[in-house]
Amino acid sequence: MGVGTLEERRQLDKGVPSGPRHQPDFAYLGVDEAGISSGHRVYQQNMAVMKRREPSPHLFPQNTVSSAKAANCLLESPSSHSTHFNPYLVNMFIPNTSFEVLDDTRPTDVSLPAFMVSTTRGFLPRADPIVALPPEFDPIEDLLRRMPVSTQSGHPGLLAVGQLGDEVQKLADLTEEVEKYHDNIPMMNALYRDYSFLASAYLLEPCHMRFMKGEPTGFKPFMEYAGSYALFNYRLQDPDRGLEYDNLRLIRAFEHGLDPSSSEAGFVLVHVDMVKNSGPIVAGAMSALSALVDQNGTDLTAQRKAFNKGLQTVLGGMQKVNAVMETMWGKSKPRSYTSFRTFIFGITSQSMFPEGVVYEGINEGKPMSFRGESGANDSMIPLMDNLLQIQMPSTPLTEILQDFREYRPSNHRQFLVEVKQCSEELGVKDFALGVDPHFAATTNEQHEQLLESRRLWVKLLNEVRDFRWRHWCFAREYILKQTSHPTATGGSPIVTWLPNQLQAVMEEMVEIYGSVGGQLGPTDLGDECRDIMDLVSRQRDKLRKEVDKYCQERGVSIRN
Ligand code: HEM
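Residues numbered from 1 in each chain as written. Predicted model: local features only at pLDDT ≥ 70, side-chain atom pairs only at ≥ 80, totals over all residues.

In the nomenclature of an unreviewed UniProt entry, the protein chain is known as Indoleamine 2,3-dioxygenase of Xylaria arbuscula.

What follows is the structure, encoded as structure tokens:
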């Protein structure tokens, strides 16, 4: 049916170079969800097949010419690719690159991708998500309204009774209607969000039915964190009140309709509430990098002050993000997580789809696999990892971390790559720690500024530690204590993966604090850093013990 190969679809992905694990953007969905629309889940030799009917009505716009065109328009539009200079935008560039970070997000410009990194909205979309699809997509809108386990009216929805699959098969092929919007990229994103909700629900409905019967399940989906489930899935109840948490509502949900007090709503909206603070993190990172561009021609004191100011801005942003993260406990209950997460599992490394999923008529009939929706696809922590050059161990677990970096909007992905490279090229870490004689302080003021750089560096690492520690606590309370399923929604091993990165950050802190002589003498970094390092020392031990215990109980190897 002419759906093209996986590689072709990868090439359609908004101009970002494709790699072996490159995750498609919504352009990809515009290509081949055709297969899902028309059939039902068939399990053959442990492999899920999304079977296609002939002639094929399409849940997702069918590929062939129309979707390829829609995807190509993303490639060809000069402004849609982040490396093209757009004279109308007042922006800044990552030093020594052509990557633009927006100041003005131009919310009404529909020719630009919905997701572009900015110093004002950070990693949130350039404008608040489109809530409703145009009228020609009413059947989709209607189906999504009737889909949740419990609908907005409180009545059981299609997923409660296992009827979504049948309803999906009645959908008409809306390819031509999709084609009409190929120049409106945010609208294409809204289509991606809605179709990917249907696709995940369609694929995972049987898992949910078995879960409700208490049968052991394995899982797998393919919706994305930014483009679909989390960052493009909120609306403002009162536009004038902006992004205040109580003013946020879901656009789509799987479990309790759009009830803003549900645990699913809390889970999604706390992510949005955190990411709304990412603008200063981006802005501060840009300032810190820019401060180091001309290391030879600038006065060291002025340079360090500008650098420290940038780090301070990042620190303020990260502190807010971590404070908001703490609200998760109250907004989304640990006992509720395992029921709505059924629908956000991926199709990589999941026992129910051990070989992936065959999209009939696609990819020469070979199975494909994608990681599921996961905060691991958020860009704030990866930005910190790359800016601060945090060293991760060479383990299979770290390979999973790298793989997660592929699952995000192209612009975010490229931003992270450029920041990593820029930070290394400019020697940001060396400059911050100033151990190299090249950065030696020659005046008292310079010495003070250098100590401040080091303190800020330790505090920034501490925010990353804090984030990852809380995460480990989430994993323990929301997952490990609730279920024995060994893998998370993104396909990472639940006991060992988060500790792999958390332990690495703490090792790095210990190493750095020691190397700059932070505990005493003229290089003493003071009481606040001492308290931080005491905490690190206690948490390292505690984490080791906890991970050992879970590994033993579950027969898991620490490195995998
Ligand atoms: C109930 C709350 C949460 C739970 C149970 C949870 C669970 C998980 C799990 C199990 C992973 C492992 C990756 C995978 O999916 O395979 C993960 C990764 C991650 N999640 Fe969450 N998460 C929660 C909330 C959040 C929030 C609010 C954010 C904010 C953006 C977030 C950001 C991340 C990040 C950045 C990673 C990667 C961690 C790393 O690089 O070490 N998560 N999460």
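Participant: What's the story with the overall build of the protein chain in this structure? I'm lost.
Facilitator: Along its length, the protein chain carries 22 helices and seven strands. With 560 residues in all, the protein chain has 52% of them scored as buried. Expressed as a percentage of contacts within the protein chain between residues at least 6 apart in sequence, the contacts between residues at least 24 apart total 73%. (Helix = DSSP H or I, 4+ residues; strand = E, 2+ residues; numbered from the N terminus. Buried ≥ 20, exposed ≤ 12 C-beta atoms within 10 Å, placed from the backbone. Contact = placed C-beta atoms within 7 Å.)

Participant: Help me understand helix α16 (residues 380-387), please; the structure alone is not making it clear to me.
Facilitator: Residues separated by three or four positions in an α-helix point in the same direction, a consequence of the helix having 3.6 residues per turn. The buried fraction of α16 amounts to eight of the eight residues, a majority that puts the element mostly inside the structure. Residues of α16 that are buried: Met-380, Ile-381, Pro-382, Leu-383, Met-384, Asp-385, Asn-386 and Leu-387. Where α16 is buried, its residues contact α11 (263-275), α12 (278-291), α13 (300-325), α18 (410-426), α19 (428-433) and α20 (444-480). The first or second residue beyond α16 is Gln-389, which carries a positive phi of 50°.

Participant: Can you help me understand the site of the ligand in this one?
Facilitator: Within the structure, the ligand sits among 29 residues, and Ser-374, Gly-375, Ala-488, Gly-490 and Ser-492 are positioned closest to it. Only α11, α20 and α21 (497-515) provide two or more residues apiece to the shell around the ligand. If one sorts the elements of the shell around the ligand by residue count, α20 sits on top with six residues. Taken together, the residues of the shell around the ligand sort by class into 17 nonpolar, ten polar and two charged. (Near = placed C-beta within 6 Å. Nonpolar A, V, L, I, M, F, W, Y, C, P; charged D, E, K, R; others polar.)

Participant: What should I look at first to understand the nonpolar core in this one?
Facilitator: Proteins that are soluble and globular tend to have nonpolar side chains buried together. Counting residues in hydrophobic clusters, the biggest one holds 127 residues, and the most contacted among them are Leu-198, Ala-201, Ala-285, Val-458, Leu-460 and Met-509. Per element, the largest residue contribution to this core is 13 residues, and it comes from helix α9 (residues 185-212). Ranked by size, the runner-up nonpolar core spans eight residues in total, among them Ile-347, Met-352, Phe-353 and Val-358. (Core = buried A, V, L, I, M, F, W, Y, C linked by C-beta atoms within 7 Å.)

Participant: Sorry, what's going on with the packing of α11 against α13 here?
Facilitator: For any two helices packed against each other, one specifies the crossing angle of their axes together with the interaxial distance. Direction vectors running N to C along α11 and α13 enclose 165°, while the axes themselves pass 8 Å from each other. In terms of axis orientation, α11 runs roughly antiparallel to α13. Note on packing geometry: the crossing formed by α11 with α13 is right-handed. Taking contact as the criterion, the partners of Val-270, Asp-273 and Met-274 in α11 are, on α13, Val-321, Val-324 and Met-325. Considered class by class, the residues forming the contact of α11 with α13 number five nonpolar, no polar and one charged. (Axes fitted to C-alpha atoms, helices over the stretch in contact; angles between N-to-C directions. Parallel < 35°, antiparallel > 145°, perpendicular 65-115°, else oblique. Left-handed = near helix turned anticlockwise from the far one by under 90°.)

Participant: Quick question: what am I supposed to make of the UniProt feature "binding site: heme b" (unreviewed entry) in the protein chain here?
Facilitator: UniProt records the feature "binding site: heme b" (unreviewed entry) for His-471 in the present numbering. Position of His-471 relative to the elements: it lies in helix α20. Residue classification places His-471 among the partly exposed residues on the basis of 19 C-beta atoms within 10 Å. (UniProt positions renumbered as here; feature names shortened; annotations may be inferred.)

Participant: Got a minute to help me understand the environment of Ala-475 in this structure?
Facilitator: With respect to the helices, strands and loops of the structure, Ala-475 is situated in helix α20. Residues Ala-475 and Ala-488 lie 13 residues apart in sequence; the distance between their C-alpha atoms is 9.0 Å. Setting aside residues up to four positions removed in sequence, Ala-475 forms contacts with Leu-480, Ile-494 and Leu-498.

Participant: Would you explain α13 in this entry?
Facilitator: Taking 1.5 Å as the rise per residue, α13 with 26 residues should run 38 Å; its terminal C-alpha atoms sit 37 Å apart, in good agreement. The set of residues buried in α13 consists of Arg-304, Phe-307, Asn-308, Gly-310, Leu-311, Thr-313, Val-314, Leu-315, Gly-317, Met-318 and Val-321. Looking at the buried side of α13, the elements it contacts are α11, α12, α16, α19 and α20. (Expected span 1.5 Å × (residues − 1).)

Participant: Can you help me understand the environment of Ala-190 in this one?
Facilitator: Structurally, Ala-190 is set in helix α9. Here Ala-190 falls in the buried class, since 24 other C-beta atoms lie within 10 Å of it. Put simply, Ala-190 and Asn-233 are 43 residues apart on the chain and 8.9 Å apart in space, counted from C-alpha to C-alpha. Residue contacts for Ala-190: discarding those within four places in its chain leaves Pro-129, Ile-130 and Leu-133.

Participant: I keep staring at the packing of α13 against α20 and nothing clicks. Help me out?
Facilitator: The contact between α13 and α20 brings their axes to 9 Å, and the two run at 20°. It follows from the interaxial angle that α13 and α20 lie roughly parallel. Note on packing geometry: the crossing formed by α13 with α20 is left-handed. Within the contact of α13 with α20, the residues separate by chemical class into eleven nonpolar, eight polar and eight charged.

Participant: So what exactly am I meant to see when it comes to the environment of Glu-264 here?
Facilitator: With respect to the helices and strands, the residue Glu-264 is situated in helix α11. Taking the number of C-beta atoms within 10 Å as the measure of exposure, Glu-264 has 26 and is therefore buried. Residues Glu-264 and Lys-331, spaced 67 residues apart in sequence, show a C-alpha to C-alpha distance of 8.9 Å. The contact partners of Glu-264, leaving out residues within four places of it in the chain, are Ala-253, Phe-254, Glu-255, His-256 and Phe-340.

Participant: Which parts of the structure should I look at to understand the confidence of the model for the protein chain?
Facilitator: Reading fine detail from the predicted coordinates is not recommended where pLDDT is low. Overall, the prediction assigns the protein chain a mean pLDDT of 81, with 80% of residues at 70 or greater. Predicted confidence in the protein chain is weakest over helix α3 (residues 34-37), with a mean pLDDT of 24, and strongest over α16, with 98. With pLDDT under 50 throughout, residues 1-89 is counted as low confidence; its partners more than four residues away or in other chains account for 204 contacts. This stretch, residues 214-221, has a pLDDT under 50; its non-local contacts, to residues over four places away or in other chains, come to 33 contacts. (pLDDT = per-residue confidence, 0-100.)

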